[in-house]
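# Observations on the model geometry
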Amino acid sequence: MQQTALTLATEAPQDWWEVEALYDLCFAPGRSALSSYRLREGVDPIAPLCLTARDADGILAGAVRNWPVLVGGKETVLLGPIAVHPTRQGEGVASLLMQRCLHKARALGWSRLMLVGDAPYYRRFGFVRLKDVTMPPPTNPDRVLGVALADGAWDGVIGAVTAARN
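First things first, this report covers the structure right here in the doc. Note that the structure is predicted; figures quoted are calculated from it, not measured. (Residues numbered from 1 in each chain as written. Predicted model: local features only at pLDDT ≥ 70, side-chain atom pairs only at ≥ 80, totals over all residues. Heavy atoms only, no water.)

## Looking at the pairing of strand β3 (residues 60-71)
We count it as follows: A 1.4 Å probe rolled over the protein chains alone gives each residue an accessible area, and that area as a share of the maximum for its type sets the label: buried under 20%, exposed over 50%, partly exposed in between. Helix and strand assignments follow DSSP, with helices taken as H or I runs no shorter than four residues and strands as E runs no shorter than two, numbered in order from the N terminus. By this definition, two strands are paired if DSSP reports at least two bridges between them.
The element β3 is extensively covered by neighbouring structure, given that 11 of its 12 residues are classed as buried. Counting the residues in the hairpin turn of strand β2 (residues 51-54) and β3 gives 5 residues, including Gly58, whose phi is positive at 85°. Summarising the sheet, β3 and strand β4 (residues 74-84) pair through 9 bridges and their orientation is antiparallel. Bridge pairing links Asn66 to Leu79 in β4. Examined bridge by bridge, β3 and strand β9 (residues 159-163) share 3 bridges and lie antiparallel to one another. If you follow Val71 over to β9, its bridge partner there is Val161.

Right, dumping it as structure tokens:
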């Protein structure tokens, strides 16, 4: 993995379109049809947990957004989407964004995060399969993962993931 100097920052309003273009580039055109997007509709993201990674020239290398959701009525962070520009993949950009998200979420008092993703990749950040947490269909239950930011944060937290309406 090549290490490149990047500046991580909280996403600013003027970054919105550029981040959206990155998501369009990295994900299928139908990305907004995914069940996780239904949970985001009409809900503001957690602004301090929306991050960008830019190189020395200010070019966007990656971005991540995070959203509040409820799991069995308990507040939880839904991480994602996280994306890295195809020309920057393999440089550790996603790892840097993930580590900063986990650190900032803990510092802001969040006790748990969840995402929908590949367990082999996210395991290195402490994510495990959430067997008793149900995302809206058609989400593959094997891809529903969570990490505790405080001891026991997932203990007894089970049930459906629902939107945390503003």
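## Brief notes about the packing of aromatic side chains
Here is the rule we go by: Only centres within 6.5 Å qualify two rings of Phe, Tyr or Trp (six-membered ring in Trp) as a pair; their planes then separate them into stacked at under 30 degrees, edge-to-face at over 60, and tilted for everything else.
All told, the structure shown has 5 aromatic pairs when counted by the stated rule. Plain terms: the ring middles of Trp16 and Trp17 are 4.5 Å apart, the flat faces sit at 90° to each other, and that makes the pair edge-to-face. Its relative accessible area of 67% is what places Trp17 among the exposed residues. Among the aromatic residues, those joined into a ring-pair cluster are Tyr121, Tyr122, Phe125 and Phe127.

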